[in-house]
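# Residue-level structural notes
Chain by chain, the residues run as shown.
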Amino acid sequence: MRPYLTTLTAILAREALRFIHQRERFIAALVRPLVWLLVFAAGFRAALGLSITPPYQTYIEYETYIIPGLCGMILLFNGMQSSLSLVYDREMGSMRLLLTAPLPRWWLLFSKLLASTAISILQVYTFLAIAALYGIWIPATGYITVLPALIVAGLMLGALGLALSSFIKQLENFAGVMNFVIFPMFFLSSALYPLWKMAESSETLHMICALNPFTHAVELIRFSLYLQWNGAALLWTLLATALFTAAALWGYDPSRGLIRRKA
Amino acid sequence: MRALLALSLLTTPALADEIWVTNEKDDTVSVIDVETLEVIQTYETGERPRGITFSKDFSRLYICASDSDTVQVMDPTTGKILHELPSGEDPEQFVLHPNDRHLYIANEDDAITTVVDTETREVIAQINVGIEPEGMAVSPDGKIAITTSETTNMAHWIDTDTQQLFANTLVDSRPRHAEFIKDGSELWVSAEIGGTISVFDVETQAETTKIDFEVDGVHPDRVQPVGFEMTEGDTHAFVALGPSNHVAVVNAATYEVEDYILVGRRVWHMDFNADRSLLFTTNGVSGDVTVIDVAERRALKSIKVGRFPWGAAFRPTD
């Protein structure tokens with residue numbers, strides 16, 4: 001058991017160190033959702049005062065609607081970014097060192113996943129604190145009940161990043177994947193507009209949005225922020241986590257996947 | 001047996017206070033339970049119910065059935081219409097005199113204010129006022145009644161002893177609602193198109209100040225003050241701003257707007273619960289009632305009622 005914990009703490013410490021050393025990255029990760037909240041959402045303030053959708057019980061301003069989506073955005077970008085660092089590690093050789101540790105590979109990857117999720121959640125809470133100062137009201141207990149949702153969503157997006165990084169040969173390719181994965185995932189979800197709004201413009205778009213696991217991650221965060229249960233969103237997010245983890249494990253399996261071909 | 005009785009006491013909900021809402025297009029009133037914030041009853045009324053108020057002891061409910069040209073008197077415990085009062089044509093809004101007997105009714109189509117005795121069920125006076133009268137108020141001492149006229153843009157001051165006009169004061173375009181505050185020393189009149197509330201000194205009938213509204217991200221044309229109600233001690237006014245879908249919170253001492261709260265579409269009138277901790281606003285276009293936490297100035301919930309809810313009145317049940 002001990003070697004497991006040693007590895008976990010080592011990976012956590014490394015991520016924490018990286019986090020502390022890259023304060024710019026932390027700030028940059030915060031600036032992105034803040035720009036959406038303070039600039040984009042402010043312009044659309046009255047746009048959504050037309051319908052009441054659960055978990056909300058009354059009309060809300062757009063700034064309030066967009067908060068869970070922006071929490072999701074932080075998790076999404078961080079999940080991808082930490083995978084980017086994996087590609088970097090692989091190119092630099094430190095990854096190889098890590099993967100040679102005499103422990104099951106899934107444990108190594110899980111430790112990595114856990115570490116990057118922890119950092120993401122720290123960023124989400126910082127963002128939520130700024131949003132509260134800006135005047136966004138969320139029930140006090142919502143800040144606690146959202147934690148499990150953030151963990152599940154963080155693990156899901158981190159696993160997706162891991163899976164993607166295992167199939168990417170070079171650092172440069174990853175930038176392309178960012179564009180092909182992050183943007184569609186974010187825009188084709190309920191992060192910026194409620195799904196009924198999507199359905200109004202196109203049924204196909206609405207269907208894609210409803211299938212997008214990121215939508216369910218955002219809804220899971222949204223419902224738990226307002227102390228409500230959303231079993232379907234939880235199930236979808238867990239299912240996606242399992243799928244992405246399986247893909248990552250397959251991709252990082254030395255006897256299969258691209259790791260082997262690249263070796 | 002005793003256990004069964006105790007259980008039934010536990011499971012039978014205590015009667016909670018209610019908010020009664022007229023639904024202009026459904027010809028009904030909806031009854032909202034103040035505890036559960038749900039509609040518990042809907043009663044049929046005459047055509048196009050608008051103004052709504054209770055007698056002092058809450059045993060009778062008066063409803064302006066505008067298109068039926070009558071004021072209906074309902075028994076709030078059964079929802080039965082007891083009788084109708086002669087009201088003049090197209091009664092829109094009314095106010096009950098502190099004597100609990102005389103109803104002052106604005107007859108929108110006739111440019112008349114009708115005074116009806118609710119006991120003898122007879123019209124005791126008809127007073128010519130400006131065109132399209134709407135807002136009605138009576139001073140707490142009962143000596144002055146106010147009618148505001150939408151097209152003439154005036155507040156008409158009526159001496160309730162003689163039932164004669166004794167003053168007319170200009171307000172901004174399309175006045176909608178009037179209210180005496182601070183023990184009857186001030187009169188506030190909202191002007192829908194003018195986008196203001198005019199404040200008058202009752203003693204001199206002179207305008208002392210005007211309150212303006214400005215909602216972020218909403219075109220000024222859509223900021224249309226209509227109904228308003230005062231919090232405990234008349235410290236703050238909550239003002240419905242019509243199609244801007246917001247309620248403004250005005251400090252009654254400084255006349256500054258302190259907050260805007262997002263509610264449903266075309267917010268019109270409102271009323272408080274018993275301790276004035278909750279405010280219920282009628283939102284005409286979205287067909288719901290938004291509940292506002294007064295202390296926190298935050299919308300808690302919007303409750304679906306009938307089509308085009310218009311007026312609201314509170315009824316305690318214990």
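Residues numbered from 1 in each chain as written. Chains lettered and ligands numbered in written order. Predicted model: local features only at pLDDT ≥ 70, side-chain atom pairs only at ≥ 80, totals over all residues.

### Quick look at the overall build of chain A
Put simply, the test is: Each helix corresponds to a stretch of at least 4 residues labelled H or I by DSSP, and each strand to a stretch of at least 2 residues labelled E; elements are numbered beginning at the N terminus. Exposure classes come from backbone-placed C-beta atoms, where a residue is buried if 20 or more other C-beta atoms lie within 10 Å of its own, exposed if 12 or fewer do, and partly exposed in between. Contacts are defined on C-beta atoms placed from the backbone: any two residues whose C-beta positions lie within 7 Å are in contact.
Of the regular secondary structure elements, chain A holds 12 helices and 0 strands. Written out in order from the N terminus, the α and β elements of chain A read α-α-α-α-α-α-α-α-α-α-α-α. C-alpha extents for chain A along the principal axes are approximately 55 × 40 × 30 Å. Each of the 263 residues in chain A was classed as buried or not, and the buried ones make up 43%. For chain A, contacts bridging at least 24 residues in sequence account for 77% of all contacts bridging at least 6.

### Structural notes on the packing of helix H3 (residues 62-92) of chain A against helix H5 (residues 105-134) of chain A
Residues and elements named next belong to chain A. Our working rule: Working convention: axes come from line fits to C-alpha atoms, limited for helices to the stretch in contact. Angles between N-to-C directions cover 0 to 180 degrees. Relative orientations are named as follows: roughly parallel for angles under 35 degrees, roughly antiparallel for angles over 145 degrees, roughly perpendicular for angles from 65 to 115 degrees, and oblique for any other angle. By convention, the crossing between two helices is left-handed when the near helix turns anticlockwise from the far helix through less than a right angle, and right-handed when the turn is clockwise.
Two elements in contact, H3 and H5, have axes whose closest approach is 9 Å; the angle formed by their N-to-C orientations is 150 degrees. If you check the angle between H3 and H5, you find them roughly antiparallel. Taken as a pair, H3 and H5 cross one another with a handedness that is right-handed. For the pair formed by H3 and H5, the contact residues are Ile67, Leu70, Cys71, Ile74, Leu75, Asn78, Gly79 and Ser82 on the first element and Ser116, Ile119, Ser120, Gln123, Val124, Phe127 and Ala131 on the second.

### Focus on the interface of chain A and chain B
As a measure of interface size, the accessible area lost when the parts come together is often cited. The condition is simple: Residue type decides the class: Asp, Glu, Lys and Arg count as charged, Ala, Val, Leu, Ile, Met, Phe, Trp, Tyr, Cys and Pro as nonpolar, and the leftover types, Gly among them, as polar.
In this complex, chain A contributes 9 residues to the contact, which on the side of chain B involves 13 residues. Counted by class, the side of chain A that touches chain B contains 4 nonpolar, 3 polar and 2 charged residues.

### Overview of the sheet that holds strand E26 (residues 288-293) of chain B
Residue and element names in this part refer to chain B. Let me state the cut-off plainly: Strands qualify as paired when DSSP identifies two bridges or more between them.
With antiparallel pairing, 4 strands are arranged side by side in an open sheet as E24-E25-E26-E27. Each edge of the sheet is formed by a strand with only one pairing partner; in this case those strands are strand E24 (267-272) and strand E27 (298-304). Across the sheet, the mean angle separating the axes of adjacent strands is 25 degrees when strand polarity is ignored.

### Some words on the environment of Ala115 of chain A
All names here are of chain A. Inspection of the secondary structure puts Ala115 in helix H5. Spatially, the C-alpha atoms of Ala115 and Leu235 are 23 Å apart, while their sequence positions differ by 120 residues. Excluding anything up to four places from it in sequence, Ala115 contacts Ile11, Leu12 and Glu15.

### Re the pairing of strand E4 (residues 49-54) of chain B
All names here are of chain B. Burial analysis of E4 places 5 of its 6 residues in the buried class, the great majority of the element. Examined bridge by bridge, E4 and strand E5 (residues 61-65) share 4 bridges and lie antiparallel to one another. When the sheet's bridge partners are listed, Thr53 is paired in E5 with Tyr62. Counting the residues that bridge the hairpin from E4 to E5 gives 6 residues, and of these Phe58 lies at a positive phi of roughly 60 degrees.

### Re the nonpolar core
Here is the rule: Core membership is restricted to buried Ala, Val, Leu, Ile, Met, Phe, Trp, Tyr and Cys residues, and these are joined into a nonpolar core through C-beta atoms within 7 Å.
Counting 79 residues, the largest nonpolar core has Phe94, Val239 and Val247 of chain B as its most contacted members. In contact with Phe94 of chain B, other than residues within four places in its own chain, are Gly51, Thr53, Tyr62, Cys64, Val71, Leu103, Tyr104, Ile105, Ala106 and Met136 of chain B.

### Digging into the sheet that holds strand E15 (residues 164-170) of chain B
All names here are of chain B. Within the open sheet, the 4 strands sit side by side as E12-E13-E14-E15. Their pairing is antiparallel. This sheet does not close on itself; its edge strands, each paired only once, are strand E12 (133-138) and E15. Direction aside, the axes of adjacent strands within the sheet are offset by 20 degrees on average. Sheet topology note: the strand E14 (residues 154-159)/E15 ladder contains 6 bridges and is antiparallel. Counted as the bridge partner of His156 is Asn168 from E15.

### Examining the environment of Ala145 of chain B
All names here are of chain B. Among the structural elements, Ala145 can be located in strand E13 (residues 144-149). Each C-alpha atom, one on Ala145 and one on Tyr43, is 30 Å from the other, the two residues being 102 residues apart in sequence. Beyond its immediate sequence surroundings of up to four residues, Ala145 is in contact with Tyr104, Val138, Ile158 and Thr160.

### Considerations on helix H2 (residues 23-43) of chain A
Residues and elements named next belong to chain A. Note the cut-off: Helices are assigned an expected span. That span is 1.5 Å times one less than the residue count. Here the bend at a residue is taken as the angle between two axes, fitted respectively to the seven residues that end there and the seven that start there.
Counted at 1.5 Å a residue, the expected span for H2 with its 21 residues is 30 Å, and the 30 Å between its end C-alpha atoms agrees. Helix geometry: H2 is bent most strongly at Leu34, by close to 30 degrees. Residues of H2 that are buried in the fold lie against H3 and H5.

### Quick notes on the confidence of the model for chain A
Predicted coordinates in areas of low pLDDT are best not read in detail. Our working definition: Per residue, pLDDT measures the predictor's confidence, with a range of 0 to 100.
Averaged over every residue, the pLDDT of chain A is 84; the share at 70 or more is 91%. Within chain A, the element-level pLDDT minimum falls on helix H12 (residues 257-262) of chain A, averaging 50, and the maximum on helix H10 (residues 213-225) of chain A, averaging 95.

### Section: the environment of Glu84 of chain B
Residue and element names in this part refer to chain B. Within the secondary structure, Glu84 sits in strand E7 (residues 80-86). Residues Glu84 and Gly311, 227 residues apart in the sequence, show an inter-C-alpha distance of 19 Å. When sequence neighbours within four positions are dropped, the list of residues in contact with Glu84 reads Thr70, Val71, Gln72 and Val73.

### A few points about the pairing of strand E16 (residues 175-181) of chain B
Residues and elements named next belong to chain B. In terms of burial, E16 is a largely internal element, 6 of the 7 residues being buried. Bridge analysis of E16 against strand E17 (residues 186-191) gives 6 bridges, and the strand direction is antiparallel. Counterpart to Glu179 in the pairing with E17 is Trp188.

### Some thoughts on H3 of chain A
All names here are of chain A. Between its first and last C-alpha atoms H3 spans 44 Å; for 31 residues at 1.5 Å apiece the expected length is 45 Å, and the two agree. Within H3, 27 of the 31 residues are buried, which leaves it mostly tucked inside the rest of the structure. At the C-terminal side of H3, Gly93 shows a positive phi close to 100 degrees.

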